[in-house]
Amino acid sequence: MVREAIKEDLQEVLKLYLFLHEKSIPEQSDCLSNTWKQILEDENHHLIVNEVDGKIVSSCVCIIIPNLTRNVRPYAFLENIVTHADFRGRGLASECLEYARQIAVRCNCYKMMLLTGSSKKEVLDFYKNAGYNNTDKSAFIQWLNI
């Protein structure tokens, strides 16, 4: 079942992120609680989860970014697209991406974009099969204070 995250999902989402790039689950802190609250309350921040048998096994974040170009239409940025290793290949991440696409359409976005840190063929093919291309633009990243 695909849906947006709720307050009680925090620990499951953090466990799922161990399959993304995280090495550990952050300790409970005011910073973590405040960030989670901010994410849940931001109408432009959509943390999408997909459950199997009541367990969150796939997720993505869709952020709607207001914009002054393209006839003042916003765009959507997707991040933290992840599926638990035991549940890959079942279309669960595709369902999350489709849910995000529906949000973007409803918000009148003119485009959706995402970045991946992977160069694996199967990952790139997954995004291409989901309707994304890697030919229209180039991405540049500047890491800060890592």
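Draft legend 1. Main features of the sheet that holds strand β1 (residues 2-4). Read from one edge to the other, the open sheet built from five strands follows the order β1-β2-β3-β4-β5, with strand pairing classed as mixed. Of all the strands in the sheet, the pair left with one neighbour each is β1 and β5 (112-114). Between one strand axis and the next, the sheet turns through 30° on average, direction left out of account. Pairing between β1 and strand β2 (residues 45-52): three bridges, direction antiparallel. Considered in β2, the bridge of E4 is made with I48. Most of the contacts of helix α3 (residues 92-106) go to strand β3 (residues 55-65), to which it runs at about 30°, and overall it touches β1, β2, β3, β4 (75-83) and β5.

Draft legend 2. Representation of the layout of surface pockets in the model. When its volume is computed, the largest pocket comes out at roughly 1,100 Å³. Residue lining of the largest pocket: 33 residues in total, with L20, I81, V82, T116 and Y127 positioned closest to the centre. When contributions to the lining of the largest pocket are tallied by element, the ones reaching two or more residues are β4, α3 and α4 (121-129). Considering each element in turn, the lining of the largest pocket owes the most residues, five residues, to β4. Grouping the amino acids of the lining of the largest pocket by side-chain chemistry returns 17 nonpolar, 10 polar and six charged. The calculated volume of the second largest pocket comes to roughly 780 Å³. Elements that contribute at least two residues to the lining of the second largest pocket include exactly α3, β5 and α4. A total of four residues in the lining of the second largest pocket trace back to one element, the largest contributor, which is α3. Here the residues of the lining of the second largest pocket are counted per class, giving 11 nonpolar, seven polar and six charged.

Draft legend 3. Structural view of the pattern of salt bridges. Under the defined criterion, the tally for this structure stands at five salt bridges. As a salt-bridge pair, E98 and R101 come within 3.0 Å of each other at their nearest N and O atoms. In this pair, E98 and R101 are both assigned in helix α3, three residues apart and thus about one turn of the helix distant. Classification of E98 as partly exposed rests on a relative accessible area of 31%. Given a relative accessible area of 39%, R101 falls into the partly exposed group. Through salt bridges with shared partners, one network takes in R3, D9 and E51.

Draft legend 4. Representation of the nonpolar core. Core analysis: the biggest nonpolar cluster contains 17 residues, and A76 and L78 have the highest contact counts within it. Among the secondary structure elements, those contributing two or more residues to this core are β3, β4, α3 and β5. At five residues, the largest contribution of residues to this core is made by α3. Contact partners of L78, with chain neighbours within four places excluded, come to V61, C62, L97, A100, M112, M113, L114, L115 and Y132.

Draft legend 5. Structural context of a nonpolar patch on the surface. A contiguous nonpolar patch, built from L115, I141, W143 and I146 and spanning about 520 Å² of accessible area, is present on the exposed surface. For I146, the location among the structural elements is in the segment after α4.

Draft legend 6. Representation of the packing of aromatic side chains. Scanning all chains against the criterion turns up two aromatic pairs. With 6.3 Å between their ring centres and 75° between their planes, Y75 and Y110 make a pair best called edge-to-face. Taken together, the residues Y75 in strand β4 and Y110 in the loop between α3 and β5 connect sequence positions 35 residues apart. Assessed through its relative accessible area of 18%, Y75 is described here as buried.

So, how was this worked out
- Residues numbered from 1 in each chain as written.
- Predicted model: local features only at pLDDT ≥ 70, side-chain atom pairs only at ≥ 80, totals over all residues.
- Heavy atoms only, no water.
- Pairing = 2+ DSSP bridges.
- Helix = DSSP H or I, 4+ residues; strand = E, 2+ residues; numbered from the N terminus.
- Axes fitted to C-alpha atoms, helices over the stretch in contact; angles between N-to-C directions.
- Contact = heavy atoms within 4.5 Å.
- 1 Å grid on protein atoms, 1.4 Å probe; cavity = no way out; pocket = protein on both sides within 12 Å on 5 of 7 lines; lining within 4 Å.
- Points joined across faces, edges and corners; volume = space filled by probe spheres on them.
- Nonpolar A, V, L, I, M, F, W, Y, C, P; charged D, E, K, R; others polar.
- Salt bridge = Lys/Arg side-chain N within 4 Å of Asp/Glu carboxyl O.
- Buried < 20%, exposed > 50% of the residue type's maximum accessible area, 1.4 Å probe, protein only.
- Core = buried A, V, L, I, M, F, W, Y, C linked by side-chain atoms within 4.5 Å.
- Patch = residues over 30% accessible without salt bridge, like charges linked within 9 Å, V, L, I, M, F, W, Y side chains within 5 Å.
- Areas by Shrake-Rupley, 256 points an atom, 1.4 Å probe, with all protein chains shown as cover.
- Phe/Tyr/Trp six-rings, centres within 6.5 Å; stacked < 30°, edge-to-face > 60°.

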